Amino acid sequence: DGFVELGGVAKPSPFSRRRRPTNPGLPLVCFLVPTILFVVVYSMQSFAFHYNSPSTCRTLCLLLLVGVISVAGSTAALAWRRREDGMTDPKWYTFLLVTSVVAWVLAYVLGDRNFSVNISPYMDIMNLNVYHDVDPEKYNGQQMMDAGRIV
């Protein structure tokens, strides 16, 4: 029962812990939010949006980080302040904050790496000119310096 009787008075046992109720949807939120955040930031960092508008991409990624830190951070701080009421378990909210920040950092770094290694060189070649039916007798190499593809 978690109570010890001392001198006729029942007191809570120092060895028992009162379990705080957990919102059943909270573990799902703790999985989905960092996953969706990772996918969105990684996609923005990896693809043509980053190539065409790098400063806008960076700004949107940073706004996502600020939004996640402010929402998840304030929720975790509020849960830690209310933990004595027994109404919330602050560990889930702290877990959400930490995993969201880790997901954002990994997505930003890995997405940028993917962009610089794979996407940027491809986009550079695709933005060069395309020449069709080139006759080597009529054109020299100097005339084709801006060619990305010769078909």
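Structure shown above.
Residues numbered from 1 in each chain as written. Predicted model: local features only at pLDDT ≥ 70, side-chain atom pairs only at ≥ 80, totals over all residues. Heavy atoms only, no water.

A look at the packing of aromatic side chains
Moving on, step 1. Taken as a whole and assessed by the stated rule, the structure comprises four aromatic pairs.
Moving on, step 2. Ring centres of Trp104 and Tyr108 lie 4.9 Å apart, and the angle between their planes is 15°; this geometry places the pair in the stacked category. With Trp104 and Tyr108 both in helix α4 (residues 90–126), this residue pair falls four residues apart, about one helical turn.
Moving on, step 3. Here Trp104 falls in the buried class, since its relative accessible area comes to 7%. (Phe/Tyr/Trp six-rings, centres within 6.5 Å; stacked < 30°, edge-to-face > 60°. Helix = DSSP H or I, 4+ residues; strand = E, 2+ residues; numbered from the N terminus. Buried < 20%, exposed > 50% of the residue type's maximum accessible area, 1.4 Å probe, protein only.)

Regarding helix α3 (residues 54–81)
Moving on, step 1. The end-to-end C-alpha distance of α3, which contains 28 residues, comes to 40 Å, matching closely the 40 Å that a straight helix rising 1.5 Å per residue would cover.
Moving on, step 2. Within the sequence span of α3, burial applies to Cys57, Cys61, Leu65, Val68, Ala72, Gly73, Ala76 and Ala79.
Moving on, step 3. Contact partners of the buried residues in α3: α1 (26–46), α2 (48–52) and α4. (Expected span 1.5 Å × (residues − 1). Contact = heavy atoms within 4.5 Å.)

As for the packing of α1 against α4
Moving on, step 1. At their nearest, the axes of α1 and α4 sit 7 Å apart, and the two run at 20° to each other. Compared by their axis directions, α1 and α4 come out roughly parallel. Crossing hand, α1 versus α4: right-handed.
Moving on, step 2. Taken together, the residues of the contact of α1 with α4 break down into 22 nonpolar, six polar and one charged. (Axes fitted to C-alpha atoms, helices over the stretch in contact; angles between N-to-C directions. Parallel < 35°, antiparallel > 145°, perpendicular 65-115°, else oblique. Left-handed = near helix turned anticlockwise from the far one by under 90°. Nonpolar A, V, L, I, M, F, W, Y, C, P; charged D, E, K, R; others polar.)

Description of the nonpolar core
Moving on, step 1. Judged by nonpolar contacts, Leu37, Val41, Met44, Cys57, Cys61, Leu65, Val68, Trp104 and Ala107 together constitute the single largest core of nine residues.
Moving on, step 2. Residue assignment for this core shows that the elements contributing at least two residues are α1, α3 and α4.
Moving on, step 3. Counting residues per element, this core draws most heavily on α3, at four residues.
Moving on, step 4. Not counting the four nearest positions on each side in its chain, Ala107 is found in contact with Phe38, Val41, Tyr42, Gln45 and Asp112. (Core = buried A, V, L, I, M, F, W, Y, C linked by side-chain atoms within 4.5 Å.)

A short note on the environment of Ala103
Moving on, step 1. Relative to the assigned elements, Ala103 resides in helix α4.
Moving on, step 2. Between the C-alpha atoms of Ala103 and Val39, which are 64 residues apart in sequence, the distance is 9.0 Å.
Moving on, step 3. Once residues within four sequence positions are removed from consideration, Ala103 is found in contact with Pro34 and Phe38.

Some points on the side chain of Ser46
Moving on, step 1. Within the fold, Ser46 resides in helix α1.
Moving on, step 2. Residue classification places Ser46 among the buried positions, given a relative accessible area of 0%.
Moving on, step 3. A distance of 3.5 Å separates the side chain of Ser46 from the backbone oxygen of Gly111, its partner in a polar contact.
Moving on, step 4. The residues touching Ser46, leaving out its near neighbours within four places in the chain, are Gly111, Asn114, Phe115 and Ile119. (Polar contact = N/O pair within 3.5 Å; in protein donor to acceptor, adjacent residues only side chain to side chain.)

Brief notes about α1
Moving on, step 1. Taking 1.5 Å of rise per residue, 21 residues should cover 30 Å, and α1 covers 30 Å from first to last C-alpha, within 8% of that figure.
Moving on, step 2. For α1, the full list of buried residues reads Leu26, Cys30, Pro34, Leu37, Val41, Met44, Gln45 and Ser46.
Moving on, step 3. Tucked into the core, α1 has its buried residues touching α2, α3 and α4.

A look at the environment of Val40
Moving on, step 1. Along the chain, the position of Val40 falls in helix α1.
Moving on, step 2. The spacing of Val40 and Leu64 is 24 residues in sequence and 9.4 Å in space, taken between C-alpha atoms.

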